[in-house]
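# Report on the structure
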Amino acid sequence: MAALFFIFIITLCGLAVPSSAAAFEKKPLAIITATGRHELTVEVASTSHELQQGLMFRRSLGADEGMLFIYAKPHEVKMWMKNTYISLDMVFVRENGTVLRVERDTEPFSLRTIESGGPAIAVIELLAGSADRLGIKSGDKVDYSTFK
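These numbers come from a predicted model, not from an experiment. (Residues numbered from 1 in each chain as written. Predicted model: local features only at pLDDT ≥ 70, side-chain atom pairs only at ≥ 80, totals over all residues. Heavy atoms only, no water.)

## So, the overall build of the protein chain
- The helix and strand inventory of the protein chain stands at three helices and seven strands.
- When the helices and strands of the protein chain are read in sequence order from the N terminus, they spell out α-β-β-α-β-β-β-β-α-β.
- Burial statistics for the protein chain: of 148 residues in total, 43% are counted as buried.
- Of all intrachain contacts in the protein chain linking residues separated by at least 6 positions in sequence, the fraction that spans at least 24 positions is 69%.
- Total accessible area on the protein chain stands at roughly 8000 Å², and carbon and sulfur atoms take up 58% of it. (Helix = DSSP H or I, 4+ residues; strand = E, 2+ residues; numbered from the N terminus. Buried < 20%, exposed > 50% of the residue type's maximum accessible area, 1.4 Å probe, protein only. Contact = heavy atoms within 4.5 Å. Areas by Shrake-Rupley, 256 points an atom, 1.4 Å probe, with all protein chains shown as cover.)

Structure representation (structure tokens):
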């Protein structure tokens, strides 16, 4: 009985690691920068549950992999790194597919709010250092079917 109560408290406090992460659909995405076209494979988060889960509890991410968060309409997006083990670069994307802003080298487990800095329809999370490696900056173009 005490063991069940302990498990309940840990789960309630958000300390338990989920037994299985959400299964995300994988799709190709390209970012066009001054250094060329960079092809990536992203896991797509679009449902409420997927948007909340994101890359939490993941221990690794490949150099040309990422997660694409797609929202129903453009708005000021606010992200954080709660329960996220991997340092990430966050690429905030406008409705027309241009990069609005890049937040580099986010701090794992941080509860600091990271804002898009304007209306964004999507966020691409990449392994920290990817934005510098690929030369991603404001004004670059994202090639993906969602963007007009």
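## Let's talk about the pattern of salt bridges
- Considering all chains together, one arrives at nine salt bridges under this definition.
- A salt bridge links glutamate 39 to arginine 37, with the nearest nitrogen and oxygen atoms 2.6 Å apart.
- When salt bridges that share partners are traced, they join Arg37, Glu39 and Asp143 into one network. (Salt bridge = Lys/Arg side-chain N within 4 Å of Asp/Glu carboxyl O.)

## What to know about empty space enclosed by the protein
- All chains considered together, the criterion is met by one cavity of 30 Å³ or more.
- Computed from the structure, the largest cavity encloses a volume of approximately 40 Å³.
- Surrounding the largest cavity, Lys26, Thr41, Val42, Glu43, Leu61, Glu65 and Gly66 form its lining.
- Within the residue set of the lining of the largest cavity, elements represented by two or more residues are β2 (36-45) and β3 (65-79).
- Ranked by the residues each element gives to the lining of the largest cavity, the list is headed by β2, at three residues.
- Residues belonging to the lining of the largest cavity are distributed by class as follows: two nonpolar, two polar and three charged. (1 Å grid on protein atoms, 1.4 Å probe; cavity = no way out; pocket = protein on both sides within 12 Å on 5 of 7 lines; lining within 4 Å. Points joined across faces, edges and corners; volume = space filled by probe spheres on them. Nonpolar A, V, L, I, M, F, W, Y, C, P; charged D, E, K, R; others polar.)

## Remarks on the layout of surface pockets
- Approximately 200 Å³ is the volume attributed to the largest pocket.
- Leu51, Gln52, Phe69, Met79 and Trp80 are the residues nearest the centre of the largest pocket, which is lined by 15 residues in total.
- Broken down by secondary-structure element, the contributors of at least two residues to the lining of the largest pocket are α2 (48-53) and β3.
- Among the elements that take part in the lining of the largest pocket, β3 stands out by supplying four residues, more than any other.
- Split by residue class, the lining of the largest pocket holds eight nonpolar, four polar and three charged.

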